[in-house]
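Summary of structural features
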Amino acid sequence: MYQENKKDNRFAKRFTKKVKNTYSFCLWSAKTVFLLGRQMAQDKYISGIYNYCDKWCEKCTLTKKCFLYAKEQKQLAKHKEKGENPNDLNVVMQDIKESFSETLKLLRKDAKKHGIDITALPEVESEEHDPSGHPLMQTAKTYLKLSHSFLEKLRKIIQEEGGDLIERTEIIPSAANDIGTLRQIVSSYDVILWYHALISVKIHRALQDKMDADEFSQTDADASAKIAYIGVMKSMDALKTIYNWNKALQDDALTLLAKTENLKKGINEEFPGHITFKRPGFDT
Ligand code: SF4
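Predicted model, so just to flag it, every value in this text is computed and none were measured.

What follows deals with unusual backbone geometry. Positive phi is not limited to glycine here, since Lys-55 has a value of about 65°. Here Lys-55 is to be found in the loop between α2 (34-40) and α3 (67-82). What makes Lys-55 partly exposed here is the crowd of 13 C-beta atoms within 10 Å.

In the neighbourhood of the ligand, the contacting residues comprise Ile-49, Tyr-50, Cys-53, Lys-55, Trp-56, Cys-57, Cys-60, Leu-62, Thr-63, Cys-66, Leu-68 and Tyr-69. Taken together, the residues that form the shell around the ligand break down as 10 nonpolar, one polar and one charged.

So, about helix α6 (residues 178-212). Over its 35 residues, α6 extends 51 Å from the first C-alpha to the last, a length consistent with the 51 Å expected when each residue adds 1.5 Å. Ala-213 lies just past α6 and shows a positive phi near 50°.

What follows deals with the packing of helix α5 (residues 135-171) against helix α8 (residues 250-270). Two numbers describe a pair of packed helices, the interaxial angle and the distance between the axes. The interhelical angle for the contact between α5 and α8, taken along N-to-C directions, is 150°, at an axis separation of 10 Å. Taken together, α5 and α8 sit at an angle that is classed as roughly antiparallel. When you trace α5 past α8, the crossing you get is left-handed. Counted together, Leu-136, Thr-139, Ala-140, Thr-142, Tyr-143, Leu-146, Ser-147, Phe-150 and Lys-153 of α5 and Asp-252, Thr-255, Leu-256, Lys-259, Thr-260, Asn-262, Leu-263, Gly-266 and Glu-270 of α8 form the full contact between these two elements.

Cut-offs and rules
- Residues numbered from 1 in each chain as written.
- Predicted model: local features only at pLDDT ≥ 70, side-chain atom pairs only at ≥ 80, totals over all residues.
- Helix = DSSP H or I, 4+ residues; strand = E, 2+ residues; numbered from the N terminus.
- Buried ≥ 20, exposed ≤ 12 C-beta atoms within 10 Å, placed from the backbone.
- Near = placed C-beta within 6 Å.
- Nonpolar A, V, L, I, M, F, W, Y, C, P; charged D, E, K, R; others polar.
- Expected span 1.5 Å × (residues − 1).
- Axes fitted to C-alpha atoms, helices over the stretch in contact; angles between N-to-C directions.
- Parallel < 35°, antiparallel > 145°, perpendicular 65-115°, else oblique.
- Left-handed = near helix turned anticlockwise from the far one by under 90°.
- Contact = placed C-beta atoms within 7 Å.

Next comes the structure, spelled out in structure tokens:
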């Protein structure tokens, strides 16, 4: 009985936190559409898959299994049909509003199912833990800052190389072989660009969840840490490619590689559970 009550309290506490977060962020987030996904998930979707990915849908091999992707595609088609620009701020805000109210509706339904009165939630002392001072967070922030300037430099060099290559291929046709190399560099640039902020966000999230110190948070922490880790490993490979490609970028690439090594070590030490954590759909 005591265990049951303890479980119920934990659920109520977690639920309250979820509601508060929903109100305070009031923006699109994969977490807030979890309930939506759960309700609408049929066999064709993997429940909650979008909570454990890097959101790089363009590169995702599981788009057909993702409810969130399907929902976004549907929304895009709707905007196209109406002749709306899906990136227009007003359109984006309207989408957020609709998504938010849909999520709230489902949160209310879920609360009712569990016998929770959403209008009388207990005051939970959910002090927001701030992991900013944690050494791993500091490394992630430094990496974010350094990689940001590195990307700027790399972008300029890629543009120059691209221009030179066009001229070169007009004179020496065999220079066309370098196009493949440049493509590889652009793809490495994309990888570093995509993950440099995501790593920091996921580490922040993982540390915050760990500080919450309950059994659910630990799983969430491992999940976020895993996504950060994958981002670090992919960024490392991309940085090595850049290092071998351009002498002028070697010092910076090396500094970043050292940071990614620290991040890798830090994630493994802080979140050993990420290694065995299985992301639905992605890890078998
Ligand atoms: S699971 Fe794939 S398709 Fe779905 S949000 Fe994540 S990256 Fe995009």
